[in-house]
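Given next are the chains, with one letter for each unit.
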Amino acid sequence: SAVISQKPSRDICQRGTSLTIQCQVDSQVTMMFWYRQQPGQSLTLIATANQGSEATYESGFVIDKFPISRPNLTFSTLTVSNMSPEDSSIYLCSVAGTGNYYEQYFGPGTRLTVT
Amino acid sequence: SQELEQSPQSLIVQEGKNLTINCTSSKTLYGLYWYKQKYGEGLIFLMMLQKGGEEKSHEKITAKLDEKKQQSSLHITASQPSHAGIYLCGADIPGGTSYGKLTFGQGTILTVHP
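The sections below set out a description of the structure shown in this document.

Definitions and limits used
- Residues numbered from 1 in each chain as written.
- Chains lettered and ligands numbered in written order.
- Predicted model: local features only at pLDDT ≥ 70, side-chain atom pairs only at ≥ 80, totals over all residues.
- Heavy atoms only, no water.
- Pairing = 2+ DSSP bridges.
- Helix = DSSP H or I, 4+ residues; strand = E, 2+ residues; numbered from the N terminus.
- Axes fitted to C-alpha atoms, helices over the stretch in contact; angles between N-to-C directions.
- Contact = heavy atoms within 4.5 Å.
- Buried area = accessible area lost by both parts, 1.4 Å probe.
- Salt bridge = Lys/Arg side-chain N within 4 Å of Asp/Glu carboxyl O.
- Polar contact = N/O pair within 3.5 Å; in protein donor to acceptor, adjacent residues only side chain to side chain.
- Nonpolar A, V, L, I, M, F, W, Y, C, P; charged D, E, K, R; others polar.
- Buried < 20%, exposed > 50% of the residue type's maximum accessible area, 1.4 Å probe, protein only.
- Phe/Tyr/Trp six-rings, centres within 6.5 Å; stacked < 30°, edge-to-face > 60°.
- Core = buried A, V, L, I, M, F, W, Y, C linked by side-chain atoms within 4.5 Å.

Remarks on the sheet that holds strand β7 (residues 61–65) of chain B
All names here are of chain B. With respect to topology, five strands assemble into an open sheet ordered β1-β3-β8-β7-β6, the strand pairing being antiparallel. Each having just a single partner strand, β1 (4–7) and β6 (55–58) make up the two edges of the open sheet. Sheet twist, expressed as the mean angle between neighbouring strand axes with direction ignored, is 15°.

Describing the interface of chain B and chain A
Bring the parts together and some accessible area is lost; that lost area is often taken as the interface size. At the junction of the two partners, chain B supplies 19 residues and chain A supplies 23 residues. With both sides pooled, the region where chain B packs onto chain A buries about 1700 Å², and carbon together with sulfur makes up 57% of that total. On inspection of chain B and its partner chain A, the count reaches one salt bridge. For the salt bridge of Lys101(B) with Glu58(A), the shortest nitrogen-to-oxygen distance reads 3.0 Å. Applying the counting rule to chain B against chain A returns six residue pairs in polar contact (both at pLDDT 80 or more). Listing elements by their share of the side of chain B that touches chain A, those giving two or more residues are β4 (32–37), β5 (43–49) and β10 (102–104) of chain B. Of the residues in the side of chain B that touches chain A, the class split is ten nonpolar, seven polar and two charged.

A few points about the pattern of salt bridges
Residue and element names in this part refer to chain B. Following the criterion strictly, the structure yields four salt bridges over all chains and no others. We note a salt bridge from Glu55 to Lys64, for which the minimum N-O separation is 4.0 Å. Take Glu55: its relative accessible area is 48%, and that puts it in the partly exposed class. Using a relative accessible area of 41% as the deciding quantity, one classes Lys64 as partly exposed.

Regarding the sheet that holds strand β3 (residues 19–25) of chain A
All names here are of chain A. Here four strands make up an open sheet; going across it, the order is β1-β3-β8-β7 and the pairing antiparallel. Each end of this open sheet is capped by a strand with a single partner; those strands are β1 (4–7) and β7 (68–72). Within the sheet, the average angular offset between the axes of one strand and its neighbour, ignoring direction, is 15°. Pairing geometry for β3 and strand β8 (residues 75–80), over six bridges, is antiparallel.

Concerning the packing of aromatic side chains
With the rule as written, the count across this model stands at ten aromatic pairs over all chains. With centroids separated by 5.2 Å and ring planes inclined at 50°, the aromatic side chains of Tyr35(A) and Phe106(A) adopt a geometry described as tilted. Separated by 71 residues along the polypeptide, Tyr35(A) in strand β4 (residues 31–37) and Phe106(A) in strand β10 (residues 104–106) bring together distant segments of the chain. Taken as a pair, Tyr35(A) and Phe106(A) share a single burial class, namely buried. Ring centres 5.1 Å apart and planes at 85° place the aromatic pair Phe106(A) and Tyr35(B) in the edge-to-face group. Of this pair, Phe106(A) sits in strand β10 while Tyr35(B) sits in strand β4, each in a different chain. For the pair Phe106(A) and Tyr35(B), a shared accessibility class is recorded, and that class is buried. Following the ring pairs from residue to residue traces out a cluster consisting of Tyr35(A), Tyr105(A), Phe106(A), Tyr33(B), Tyr35(B), Phe45(B) and Phe104(B).

Here's the deal with the nonpolar core
Ranked by internal contacts, the top residues of the largest apolar core, which has 44 residues, are Trp34(A) and Phe104(B). With 22 residues, the next largest nonpolar core counts Leu32(B), Ala63(B), Tyr87(B) and Leu110(B) among its residues.

Examining the environment of Ala47(A)
All names here are of chain A. Tracing the sequence through the fold places Ala47 in strand β5 (residues 43–49). Note: C-alpha distance between Ala47 and Ile68 (21 residues apart in sequence) is 8.4 Å. If sequence neighbours within four positions are ignored, Ala47 has contacts with Phe33, Trp34, Ala55, Thr56, Tyr57 and Ile68.

The structure is reproduced here in structure tokens:
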């Protein structure tokens, strides 16, 4: 398995500002993903973070709102831009392709509240 | 898109009782994942099933995938308060290049009374 850390663990932000969330893995992984979990909801995939190239976004998510970087095989960032209260969610990174190739592990999440 | 239905939505049991959570798909599952989530926290990986008829166990938790690969069950034997949390099933979104992209069920909230 992989040990995944996220920073910050939680934050309270004002409307219109941006927050960058970091995801660090203790080993090189093939795949990294970003998910969102809105209050009382299940998880929704935002995008696949591609190493050295632009992220691949799912329907309903765009790069201008959620820019993602992945400079190497152990690190990725997700920025939530121009935030509104509707962005209040838990944001989770996940990784796959370590050890058992098909197993996917999640970070502890970043709880974001936008006021 | 792939839809996963979990049942029940919530479950309250007395400590020591057995319980089962189901996850049903409208399409064939290529990889079925079970996770546990404590409120407001990240997901803890429990098990992953890929083959029809596959069954895996870890401690008191057993997960099965049916032969048609459209339904999975998670069974907890002799439940304990430590089993309480939200159980989520997730599945690979079908498609040759979409490995690792998971869609999730709505979750089952488990409460275990001591």
